[in-house]
Amino acid sequence: MDETHRGRITKDGIRIYEDADYAGMLAAGQVAAQILDEVAPLVVPGVSTEELDAFIERRVVELGTTSATIGYKGYKHASCISVNHVVCHGIPGHKTLKDGDILNIDVTVIKDGWFGDTSRMYVAGKLSRKAERLLQVTYDSLMIGIEAVKPGNTFGDIGHAIQTYVESNRMSVVRDFCGHGLGRVFHAPPNVLHYGRPGTGPVLEEGMFFTIEPMVNLGRPETKVLSDDWTAVTRDKSLSAQYEHSIGVTATGCEIFTLSPGNLFHPTYKV
Ligand code: MF3
Ligand code: CO
Ligand code: CO
């Protein structure tokens, strides 16, 4: 990377970060991922989602970081917890988990000014066969999207890889929410769509930092936002799942900043 390259903004409004910035993103991403590891044993039938959020908020502080979501557009919690047919932005509350519930927990922390944003799926109690399939396909779709990340490919290539895989498994990709650039800000260009056509969209360059966070439904892709103005649910009430990593484009591919330190990211781990 030459000097004129550093700190540049592309014509699509995407910041090109410097080599030294990867370390800051990794440090932030690893805190978020560690907290998602630590919450895993607490996800059991009978626990409320606000108890899980309280644990997450405490750990964010204890690890010397700041929650990116508390105070963000009026949001009041350190996590989003999205249960069963909730697609994303579920608000932690007093409702308790039942045996077989699946849930996404999404945490974003700020460490030394860098944002680490990651989410993954959990199950309370016993995972049903159909939910297990949904989790596996959603996880695989994220990793297939990540495999398409290298300089010269486009954002459309990422979306196309995810969409093709999900639809070949007779599931649907949510269109109403997308991934995003991040770095020293939470949400920046581009919108990272989880569907698309090959060769379309901005070209990937070394130094781009963004999330990939596909939401996959067992039924139709349409969503609606509840009257709390946050909670997004599937219109047909079908189960929904999501996995999210924060990544940076490297010369040869990408670096995943939010890999699980305890290898607990995969849907079928045992704690
Ligand atoms: N972490 C979410 C994302 O992946 C954003 C949550 S914003 C909140 O972009 F306000 F709902 F927390
Ligand atoms: Co995100
Ligand atoms: Co997130």
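These figures come from a predicted structure and were not determined experimentally. (Residues numbered from 1 in each chain as written. Chains lettered and ligands numbered in written order. Predicted model: local features only at pLDDT ≥ 70, side-chain atom pairs only at ≥ 80, totals over all residues. Heavy atoms only, no water.)

1. A look at the coordination of the cobalt ion (ligand 3)
To be explicit about the condition: Only N, O and S atoms count as donors, using a 2.8 Å limit from the metal and a wider 3.2 Å limit for Na, K and Ca, and since water is excluded some coordination spheres may look unfilled. In this scheme the shape depends on donor count and angles: four donors with every angle between 85 and 135 degrees give tetrahedral, four or six donors with opposite pairs above 155 degrees and others between 65 and 115 give square planar or octahedral in turn, and any other case is irregular. Secondary structure elements follow DSSP: runs of H or I no shorter than four residues count as helices, runs of E no shorter than two count as strands, and numbering proceeds from the N terminus.
At the metal site, the cobalt ion (ligand 3) is ligated by D106 (OD), D106 (OD), D117 (OD) and E244 (OE), and these contacts range over 2.1 to 2.3 Å. Taken together, the six donor atoms surrounding the cobalt ion (ligand 3) define angles of 59 to 169 degrees at the centre, an arrangement classified as irregular. The distance between the cobalt ion (ligand 3) and the cobalt ion (ligand 2) comes to 3.3 Å, with D117 serving as a donor to both metals. With D117 in strand 5 (residues 114-123) and E244 in the loop between strand 13 (240-242) and strand 14 (245-249), the pair connects residues that are 127 residues apart, well separated along the chain.

2. Focus: the sheet that holds strand 13
Put simply, the test is: Following DSSP output, two strands are said to pair if at least two bridges run between them.
Read from one edge to the other, the open sheet built from three strands follows the order 6-10-13, with strand pairing classed as antiparallel. Each edge of the open sheet carries a strand with a single partner, namely strand 6 (172-173) and strand 13. Note: strand 6 against strand 10 (residues 215-217), two bridges, orientation antiparallel. What sits directly across from V173, in strand 10, is V216.

3. Here's the deal with the pairing of strand 5
Put simply, the test is: The buried label applies to any residue whose accessible area, calculated with a 1.4 Å probe on protein chains only, is under 20% of its type's maximum; exposed applies above 50%, and partly exposed to all values in between.
Counting buried residues in strand 5 gives nine out of 10 residues, a clear majority hidden from the surface. Sheet topology places strand 4 (residues 102-111) next to strand 5; 10 bridges connect them, and they run antiparallel. Among the inter-strand pairings, V107 is bridged to a residue of strand 5, identified as T118. Between strand 4 and strand 5, which pair antiparallel one after the other, the connecting turn spans two residues, and D112 there sits at a positive phi close to 50 degrees.

4. Focus: the nonpolar core
The cut-off we apply is this: We call a set of buried residues a nonpolar core when its members are Ala, Val, Leu, Ile, Met, Phe, Trp, Tyr or Cys and they connect through side-chain atoms within 4.5 Å of each other. In what follows, residue pairs with any heavy atoms lying within 4.5 Å of each other are defined as contacts.
Residues I158, F210 and I212 are the most contacted members of the largest nonpolar core, which totals 33 residues. For this core, the secondary structure elements donating two or more residues are helix 3 (129-147), helix 4 (155-168), strand 9 (209-212) and strand 14. Setting aside residues no more than four positions away along its own chain, F210 makes contact with V149, F155, I158, H180, G181, L182, V192, L204, H245, S246, I247 and V249.

5. Focus: the sheet that holds strand 3 (residues 86-88)
The test is simple: The axes used here are C-alpha line fits, helices contributing only the stretch in contact, and every angle between their N-to-C directions lies in the interval 0 to 180 degrees.
Pairing is antiparallel in the open sheet, where three strands are placed in the order 3-12-11. Both outer strands of the open sheet, strand 3 and strand 11 (223-225), are each paired with one neighbouring strand and no more. Neighbour-to-neighbour, the strand axes of this sheet turn through a mean angle of 40 degrees, independent of strand direction. One ladder, built from two bridges, connects strand 3 with strand 12 (residues 232-234); its direction is antiparallel. Looking across to strand 12, one finds that V86 is bridged to V233.

6. Focus on the UniProt feature "binding site: a divalent metal cation 1" (unreviewed entry) in the protein chain
For the record, the criterion: UniProt positions are given in the numbering used here, feature names are shortened, and annotations may be inferred rather than shown by experiment. What qualifies as a polar contact is a pair of N or O atoms within 3.5 Å, subject to a donor-acceptor requirement within protein and to the restriction that residues adjacent in sequence count only when both atoms come from side chains.
Sites flagged by UniProt as "binding site: a divalent metal cation 1" (unreviewed entry) map to D106, D117 and E244. A maximum C-alpha distance of 8.0 Å is found for the annotated residues, which run over 139 residues; spatially they form one tight group. Inspection of the secondary structure puts D106 in strand 4. Ignoring anything within four residues of it in the chain, the contact list for D117 reads D106, V107, T108, H180, L182, F186, T211, E213, E244, H245, S246 and T258. Here T108 takes part through its side chain, which lies 2.9 Å from a polar atom of the side chain of D117.

7. Considerations on the pattern of salt bridges
Close approach of charged atoms allows side chains with opposite charge to pair. Here is the rule: Only one rule defines a salt bridge in this text: a Lys or Arg side-chain nitrogen within 4 Å of an Asp or Glu carboxyl oxygen.
Overall, the coordinates contain nine salt bridges when judged by the stated rule. In this structure, D12 engages K11 in a salt bridge whose closest nitrogen and oxygen atoms are separated by 3.6 Å. When its relative accessible area of 36% is taken as the criterion, D12 is described as partly exposed. The exposure class of K11 is exposed, given its relative accessible area of 82%. Members of the salt-bridge network, linked through shared partners, are E38, R58, R59 and E62.

8. Structural notes on the coordination of the cobalt ion (ligand 2)
For the cobalt ion (ligand 2), the full set of protein donor atoms is D117 (OD), H180 (NE2), E213 (OE) and E244 (OE), at a range of 1.9 to 2.2 Å. Taken together, the six donor atoms surrounding the cobalt ion (ligand 2) define angles of 51 to 159 degrees at the centre, an arrangement classified as irregular. All donors of the cobalt ion (ligand 2) belong to a single chain; written as a sequence motif, their spacing is D-x62-H-x32-E-x30-E.

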